[in-house]
Amino acid sequence: QKEVEQDPGPLSVPEGAIVSLNCTYSNSAFQYFMWYRQYSRKGPELLMYTYSSGNKEDGRFTAQVDKSSKYISLFIRDSQPSDSATYLCAMSAGAGNMLTFGGGTRLMVKP
Amino acid sequence: ETGVTQSPTHLIKTRGQQVTLRCSSQSGHNTVSWYQQALGQGPQFIFQYYREEENGRGNFPPRFSGLQFPNYSSELNVNALELDDSALYLCASSLLQGAYNEQFFGPGTRLTVL
């Protein structure tokens, strides 16, 4: 079993839909939780990070962490075709430590 | 501010050969991490360098080695290449300080081993 599990998709939604992306993990030492977006043939770019449990909102994006359930989510409101990409969750036990990634979910937003 | 750059963009090698990949960190960063991303999978941590010393290593064999230079640029060396080494190799730089240290990724080097 992988340390971080993520549904690979693809997830196809119409423009304007609310998108929900999720990851589960097994390592209770993880304290930092991140969501990256990766376009084809590009490196990952950080969307949001959260420390420990709780919610964080940034524009159309909301990240949620539930450490008791070992479950994290990313919500995208009013999804746009430009949001079409692979979304990677990542976690680490320390601030500067190695990142453990999920396998990524491919999202397609259709006009 | 200059972002993270990697060279070469693409590389084709044959099994058993050796390869060196290069990374130039973002200005002001003192830490570089390397990741391997196989097709359709998430990146896997190889190792991290902080101020020219290895600062952590993932589950990769010793034929994966690295260097960080005084200007904080870095190299990833892979000896005795295997077919399974075919992947996108990503480097990420960060400034190791404080409570959270965002890692900024380069565009990657795509390695194909035949």
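The structure we're discussing is the one just above.
(A) Local environment of the interface of chain A and chain B. Facing 19 residues of chain A, the contacting portion of chain B comprises 21 residues. Counting across the chain A and chain B interface gives zero salt bridges. In this assembly, chain A and chain B are joined by two residue pairs in polar contact (both at pLDDT 80 or more). Secondary-structure elements contributing two or more residues to the side of chain A that touches chain B are β4 (32-38) and β5 (45-51) of chain A. Of all the elements, β4(A) adds the most residues to the side of chain A that touches chain B, at four residues. Across the side of chain A that touches chain B, the residue classes break down as 11 nonpolar, six polar and two charged.

(B) A look at the sheet that holds strand β7 (residues 64-68) of chain B. Residue and element names in this part refer to chain B. The four strands lie next to each other as β1-β3-β8-β7, forming an open sheet whose pairing is antiparallel. Two strands close off the open sheet at either side, each with one partner strand: β1 (5-7) and β7. Taking each pair of neighbouring strands and ignoring which way they run, the sheet shows an average axis angle of 20 degrees. With three bridges joining them, β1 and strand β3 (residues 19-24) adopt antiparallel strand pairing. Considered in β3, the bridge of S7 is made with R22.

(C) Spatial organisation of the nonpolar core. Among the nonpolar cores identified, the biggest contains 24 residues, and W35(A), I72(A), L74(A), I76(A), Y87(A) and M91(A) are the most heavily contacted of them. When contributions to this core are tallied by element, the ones reaching two or more residues are β3 (19-25), β4, β5, β7 (61-66), β8 (71-76), β9 (85-92) and β11 (105-110) of chain A. Excluding residues within four positions of it along the chain, M91(A) makes contact with V4(A), C23(A), Y25(A), F30(A), Y32(A), F33(A), M34(A), I72(A), M98(A), L99(A) and T100(A). Residues L11(B), I46(B), F47(B) and Y49(B) belong to the second largest nonpolar core, which totals 20 residues.

(D) Empty space enclosed by the protein, seen in detail. All names here are of chain A. For the structure shown, the criterion picks out one cavity of 30 Å³ or more. Here the largest cavity is characterised by a volume of approximately 30 Å³. Every residue along the wall of the largest cavity is listed here: F33, M34, W35, M48, Y49, T50, A63, Q64, V65, I72 and S73. A breakdown of the residues in the lining of the largest cavity according to their chemical character gives eight nonpolar, three polar and no charged.

Parameters and conventions
- Every chain is numbered independently, its residues counted from 1 as its sequence is written.
- For this description, chains carry letters from A and ligands carry numbers from 1, given in the order in which they are written.
- Per-residue local features are limited, in this predicted model, to residues with pLDDT of at least 70; the limit for side-chain atom pairs, both in listing and counting, is 80 or more; totals at the level of whole chains, interfaces and linings are taken over all residues.
- Excluding hydrogens and water, the side-chain values take into account all heavy atoms of the structure.
- Contacts between residues were defined by any pair of non-hydrogen atoms, one from each residue, lying within 4.5 Å.
- Any carboxyl oxygen of Asp or Glu within 4 Å of a side-chain nitrogen of Lys or Arg constitutes a salt bridge here.
- N or O atoms within 3.5 Å of each other form a polar contact, as long as, within protein, one can give a hydrogen and the other can take it, and as long as residues adjacent in sequence are counted only when both atoms are side-chain atoms.
- Secondary structure counts use DSSP, requiring at least four H or I residues in a row for a helix and at least two E residues in a row for a strand, with both numbered from the N terminus.
- Polarity classes work like this: nonpolar for Ala, Val, Leu, Ile, Met, Phe, Trp, Tyr, Cys and Pro, charged for Asp, Glu, Lys and Arg, and polar for all others, with Gly in that last group.
- Any two strands with at least two DSSP-identified bridges between them are counted as paired.
- As a rule, the C-alpha atoms of each element are fitted with a line to give its axis, helices using only the stretch in contact, and angles between N-to-C directions run from 0 to 180 degrees.
- Among the buried residues, those of types Ala, Val, Leu, Ile, Met, Phe, Trp, Tyr and Cys that are joined through side-chain atoms within 4.5 Å form a nonpolar core.
- With a 1.4 Å probe rolled over the protein chains alone, any residue whose accessible area is under 20% of its type maximum counts as buried; one over 50% counts as exposed, and the rest are partly exposed.
- A pocket, in this scheme, is an open set of points on a 1 Å grid over the protein atoms alone with protein on both sides within 12 Å along at least 5 of 7 lines, while a cavity is a set where a 1.4 Å probe fits but cannot get out; residues line either one if an atom lies within 4 Å of a point.
- Grid points are joined across faces, edges and corners, and a volume is the space filled by probe spheres set on the points.

Purely geometric stuff here, so don't read any function into it on its own.
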